[in-house]
Amino acid sequence: MEKTKKRSKGNRMTQDIVFNAVIVLLLLFLIVIMAYPIYFVLVASFSDPTYVNNGDFLLYPKGFTLLGYEKVFEESRVWIGYANTILYTALGTALGVFITMMAGFALSRKELPFRNAFMGFFVFTMYFNGGLIPYYMVVKSLNLTNTRFLMIIISAVAVYNIIITRSFMLSNVAEELRDAARIDGCGDGRFFFQIVMPLSKAIAAVLVLYLAVTYWNSYFNPMIFLTDRSKYPLALYLREILLTVSTNAQSSVTSDASAAAMLQKMSQVIKYGIIVVSTLPIVCVYPFLQKYFVKGVMIGSIKG
Amino acid sequence: MKKHMGKKAAAFLLAVLMLTAAGCSGGGETASTTGGDGSQASTDGTEKKTFRIAVSLHPLTKDEDFNNKEIYKLAEEATNVHIEWMPIAAADATDKVNIMLTSDLPDAFLGLISSDQIASNMDSFADLAKDDLLKNNAPHVVEDYESSLSNGLDIVTWPDGSIRSLMTGPQNSYENDAEGIMFMNKAWLDKVGKDVPTTIDEFYDVLKAFKEQDPNGNGQADEIPFEPSQSDWCSKIMNFANPWGIAGTDSSDESAYMMVTAGKVTGTVNTEEFRKFLEFSHKLVSEGLMDQEMFSQTSEQYHSKINEGIVGCYYTWSPYADMSETEAANWVEVPVLEAEDGPGYVKTGSQGKFSANRCGFCITSACADPASLLQWWDYMASSVELKYTSRFGPQGEAWDMESDGTVVEKLPESLTDDYTIENYKYTQGMVDMGSYIPKDESATVLKENSFTSWYRIDCVEQLHDYCLPVERQLPIRYVAPEKTSERTFMETELFTYIGNFIATSVLNGIDDASWNAHLEQLQMNQYDQWLQWYQDFLDKKF
């Protein structure tokens, strides 16, 4: 009796160990799948391009070189792009969070007249839009093309963000709070800034992350709307450098093969370095916001 | 606590306010700079005319302000025309230009427009033939076209009689005539004791020796004797059909799908020669003599193989464009490869190939004063010196003029490792986006000034006679847009089919059944109609 009990306990122990081991292995496998490409880019940025293209290395840099980074930091365009990206990201995110919070709050209040109509109107734009050319013409007729102001406001409002903010406010900012505040003589503006905002830090963090990433990565709008290259964000330069070779290989039928070859070399050296340089800041910010992030999205998602 | 919160809120509001203010000033600034067909007063009292030109930005240029180029300084001084440049990188060009064409036209485009874009947006471009606009305002340009081309202005005239664009770049560049050339590893040839092959059978023997005798001496059988690649513009598989008398006028595979012989357009991919070429290629692949990754590899993979020292022969512009000078010196040209059962060797490429860009400079319908802009453009074509200044920058640096009036390319003294001759040309000049340069004003390249360019020309000379002569090339002229779309409609399916057929045949081989099925498929994919289209074009039926 004693013995069998012990044995079954031992069995359970081994079962647990096996179970845990399998889970850990699976997770490790997943981590490798997801992290390796990032690691590869990092290692490739320190390696001789020839080895990279041969697929000659797996875990550590081969033919170690800092040439890529030297070239990246030599390019004045990279610095200009960096400054622009930071400007657009910082101001755009601030503006976006502010507007989205206000919209989300207003739409979550039952006393707002026509709130369903407003919501329907917002959601409509998620399914239908005018297309690129009407979009461009609207922006142009507002005299906003080729301005930094446009780059700041253009991605500030996303309906998706408004919806998650609204859901969050619905469940976290009770109507009763409003009543209590009103009895104490608190107006709408004060209620929003002094009560709602502090209560909504979690969702604000989510918005900051969403918006900041959107702004940091955005290349299409700047590409379409900016003509002045000194206003270009980093992502656009990155794209230019990455696409240079392929477009040139196709069009180089008009002579100048030596120019094409030189470009090829240049972009091979610079390619991975610039990817690292341009993604590193956002990767660094991510872990600090992540704790709010998970919390915020979950809270927002419970009530639809 | 309350007070504290109030401060925070106030600070936040202030931040937003500042943000809006900053935005406004940003907007205002651009309004004042772009608000212009505006004119600014120049020093001599006359009004300076300002035009906006969208221009293709070459990645090798080190200065993005086009007004710093010598040629545009001279042109502004001489014609009182000021240009506001809108540089557009090649990577963004397609998206951006298409948007511009539909909703935001600049005064002109330089180096960004294709003939298809003109065809489908005809009204977006000013008609320079109307009211003799071109003849009255650009006499030098007209003179250059008429003296250097048999059909004169017709080369840029559309079937409706309009002229929508002007040419840029040199009429001919001899080194372009031969497209990709086969080069072979001379060090390997010496090791296996063979000469440069001249027939397909000798070629086969050489490849076999490369494969078996370990010419790179590392003890491994890692040699790739023959390395074509679909990834690069001049290394495509149809180059290797040359020994069987099949060649295109340019290095794309598609241009070799038909040929002009004695005024007739004939198919190539339905001939016995084509089949022999496929069978021989398959033989090479199946014996490991030709790289079977040629259809799938990327340009990066291809180039790293070449630089790894495992390739025996390949097609390229010049080995000097692919590797270091000491390594490139190990390679030798393979000018001719005859197939004994073929109709004779023909080289991919065109003798006297027309290399100017017919849609280089396009004035749009948004331009309020095309006459002045034409005068500005004409000024840059008014002398050989100015043409070359627009091509390569100031005289005496990357080019100079001999006492007999011929132009010679040179190496400027300001070059460094980070500022090569390519950087120099694209920074100081416009290269192929400069003024049109007729054939008899072509620059010469001296061996001592630019060895690599000279070497390429020397290589072209060895096989120039085998390139397609003028009578075997299609004439160059515009056709009506609907005719073009009729052809491209056929090409979509046809080219995909032929491309796939070549790949499967080379990799898997071919027998009577699959060959007959291929002939049927060609019929179904309108191969005959496609050939007829070119026949009609040749016969000037449209």
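Residues numbered from 1 in each chain as written. Chains lettered and ligands numbered in written order. Predicted model: local features only at pLDDT ≥ 70, side-chain atom pairs only at ≥ 80, totals over all residues.

### A closer look at the overall build of chain A
At step 1: For chain A, the count of helices and strands is 14 helices and 0 strands.
At step 2: Reading the secondary structure of chain A in the N-to-C direction produces α-α-α-α-α-α-α-α-α-α-α-α-α-α.
At step 3: Each of the 304 residues in chain A was classed as buried or not, and the buried ones make up 34%.
At step 4: Residue pairs at least 24 apart in sequence account for 75% of intrachain contacts in chain A once pairs closer than 6 positions are excluded. (Helix = DSSP H or I, 4+ residues; strand = E, 2+ residues; numbered from the N terminus. Buried ≥ 20, exposed ≤ 12 C-beta atoms within 10 Å, placed from the backbone. Contact = placed C-beta atoms within 7 Å.)

### Some thoughts on the overall build of chain B
At step 1: Of the regular secondary structure elements, chain B holds 18 helices and 17 strands.
At step 2: In terms of overall dimensions, chain B has a C-alpha envelope of 80 × 75 × 55 Å along the principal axes.
At step 3: Per-residue burial for chain B yields a buried fraction of 42% across its 542 residues.
At step 4: For chain B, the share of sequence-separated contacts (at least 6 apart) that also reach a separation of at least 24 residues comes to 76%.

### Focus on the pairing of strand β6 (residues 181–185) of chain B
In regular strands, side chains alternate between the two faces of the sheet.
Residues and elements named next belong to chain B.
At step 1: Within β6, 5 of the 5 residues are buried, leaving the element largely enclosed by the surrounding structure.
At step 2: Both β6 and strand β10 (residues 311–316) contribute to a ladder of 4 bridges, which runs antiparallel. Opposite Met184, over in β10, you have Cys313 as the bridge partner.
At step 3: Sheet topology note: the β6/strand β11 (residues 331–333) ladder contains 3 bridges and is antiparallel. Looking at the pairing, Phe183 lines up with Glu333 of β11. (Pairing = 2+ DSSP bridges.)

### With respect to the sheet that holds strand β16 (residues 444–445) of chain B
All names here are of chain B.
At step 1: The strand order across the open sheet formed by 3 strands is β14-β15-β16, and the pairing between neighbours is mixed. Each having just a single partner strand, β14 (399–401) and β16 make up the two edges of the open sheet.
At step 2: Bridge count between β14 and strand β15 (residues 407–409): 3 bridges; the pairing is antiparallel. Across the sheet, the residue bridging to Met401 is Val407, located in β15.

### Describing the domain arrangement of chain B
Note on interface size: it is often stated as the accessible area lost on association of the parts.
Residue and element names in this part refer to chain B.
At step 1: Once the domains are mapped, chain B shows domain 1 (47–170 + 358–398) and domain 2 (181–350 + 469–538).
At step 2: One C-alpha centre belongs to domain 1, the other to domain 2, and the line joining them spans 37 Å.
At step 3: Listed per partner, the contact involves 8 residues of domain 1 and 7 residues of domain 2.
At step 4: Each residue belonging to the side of domain 1 that touches domain 2 can be placed in one class, and the counts come to 4 nonpolar, 3 polar and 1 charged. (Domains from an automatic or database assignment. Nonpolar A, V, L, I, M, F, W, Y, C, P; charged D, E, K, R; others polar.)

### Focus on helix α12 (residues 370–379) of chain B
At step 1: In terms of burial, α12(B) is largely enclosed, as 8 of its 10 residues are buried.
At step 2: Looking only at α12(B), the buried set comprises Pro370(B), Leu373(B), Leu374(B), Gln375(B), Trp376(B), Trp377(B), Asp378(B) and Tyr379(B).

### Details of the domain arrangement of chain A
All names here are of chain A.
At step 1: By domain assignment, chain A separates into domain 1 (2–54) and domain 2 (67–302).
At step 2: Facing 5 residues of domain 1, the contacting portion of domain 2 comprises 7 residues.
At step 3: Top element by residues in the side of domain 1 that touches domain 2 is helix α1 (residues 2–45). It accounts for 4 residues.
At step 4: Along the lines of polarity and charge, the residues of the side of domain 1 that touches domain 2 split into 4 nonpolar, 1 polar and no charged.

### Description of the UniProt feature "transmembrane region" (unreviewed entry) in chain A
Residue and element names in this part refer to chain A.
At step 1: Residues given the UniProt feature "transmembrane region" (unreviewed entry) here are residues 21–42, 86–106, 118–137, 149–170, 191–213 and 269–289.
At step 2: In the segment residues 86–106, helix accounts for 100% and strand for 0%; the C-alpha atoms at its two ends are 30 Å apart.
At step 3: Within the segment residues 269–289, helix and strand shares are 100% and 0% respectively, and the terminal C-alpha atoms sit 33 Å apart. (UniProt positions renumbered as here; feature names shortened; annotations may be inferred.)

### Focus on the packing of helix α4 (residues 76–108) of chain A against helix α8 (residues 159–172) of chain A
Residues and elements named next belong to chain A.
At step 1: Packing of α4 against α8 leaves a shortest axis separation of 8 Å and a crossing angle of 50 degrees. Of the possible angle classes, the one that applies to α4 and α8 is oblique. As for the relative orientation of α4 and α8, their crossing is right-handed in sense. The segment α4 lies against α8, with Thr100, Met101, Ala103, Gly104, Phe105, Leu107 and Ser108 engaging Asn161, Ile162, Thr165, Arg166, Met169 and Leu170.
At step 2: In terms of residue class, the contact of α4 with α8 is built from 7 nonpolar, 5 polar and 1 charged. (Axes fitted to C-alpha atoms, helices over the stretch in contact; angles between N-to-C directions. Parallel < 35°, antiparallel > 145°, perpendicular 65-115°, else oblique. Left-handed = near helix turned anticlockwise from the far one by under 90°.)

### Section: the nonpolar core
Residue and element names in this part refer to chain B.
At step 1: Core analysis: the largest hydrophobic core is formed by 74 residues, its most contacted members being Phe183, Leu207, Ala241, Ile246 and Phe277.
At step 2: Two domains share this core, each providing at least three of its residues, namely domain 1 (47–170 + 358–398) and domain 2 (181–350 + 469–538).
At step 3: Sequence-distant contacts of Phe277, that is, excluding residues within four places in its chain, are made with Phe240, Ala241, Trp244 and Ile246. (Core = buried A, V, L, I, M, F, W, Y, C linked by C-beta atoms within 7 Å.)

### Section: the packing of helix α16 (residues 481–508) of chain B against helix α18 (residues 527–538) of chain B
All names here are of chain B.
At step 1: Two elements in contact, α16 and α18, have axes separated by 10 Å at closest approach and are oriented at 145 degrees. For the element pair α16 and α18, the recorded crossing hand is left-handed. Every residue of α18 that contacts α16 at Glu486, Arg487, Met490 and Leu494 is listed here: Tyr527, Gln529, Trp530 and Trp533.
At step 2: Taken together, the residues that form the contact of α16 with α18 break down as 5 nonpolar, 1 polar and 2 charged.

### Thoughts on unusual backbone geometry
All names here are of chain B.
At step 1: A positive phi is found at Val431, a non-glycine position, where the angle reads about 50 degrees.
At step 2: With respect to the helices and strands, the residue Val431 is situated in the loop between α14 (421–428) and β16.
At step 3: One non-glycine residue, Gln526, adopts positive backbone phi at about 65 degrees.
At step 4: Considering the arrangement of structural elements, one finds Gln526 in the loop between α17 (512–524) and α18.
At step 5: Accessibility expressed as a C-beta count within 10 Å gives 16 for Gln526, which makes it partly exposed.

### Quick word on the sheet that holds strand β7 (residues 224–226) of chain B
Residues and elements named next belong to chain B.
At step 1: Pairing in this open sheet of 4 strands is mixed, and the strands run β7-β10-β6-β11 from one edge to the other. Single-partner strands in this sheet number two, and they are β7 and β11. Adjacent strand axes in the sheet meet at a mean angle of 35 degrees, parallel and antiparallel pairs treated alike.
At step 2: Along the sheet, helix α8 (residues 200–212) contacts β7 and β10; its crossing angle with β7, the most-contacted strand, is approximately 170 degrees.

### Here's the deal with helix α2 (residues 70–79) of chain B
Residues and elements named next belong to chain B.
At step 1: Where α2 is concerned, the buried positions are Ile71, Tyr72 and Ala75. Each buried residue of α2 sits inside an arc of 90 degrees when the element is viewed along its axis, so together they form one side.
At step 2: Residues of α2 that are buried make contact with β3 (81–89), α12 and α13 (384–392).
At step 3: Once α2 ends, the next one or two residues include Asn80, with phi positive near 65 degrees. (Arc of directions from axis to C-beta.)

### Some details on the environment of Cys186(A)
At step 1: The residue Cys186(A) is located in the loop between α9 (175–183) and α10 (188–199) in this model.
At step 2: Ignoring sequence-local partners within four residues, the contact set of Cys186(A) consists of Ala181(A) and Phe191(A).

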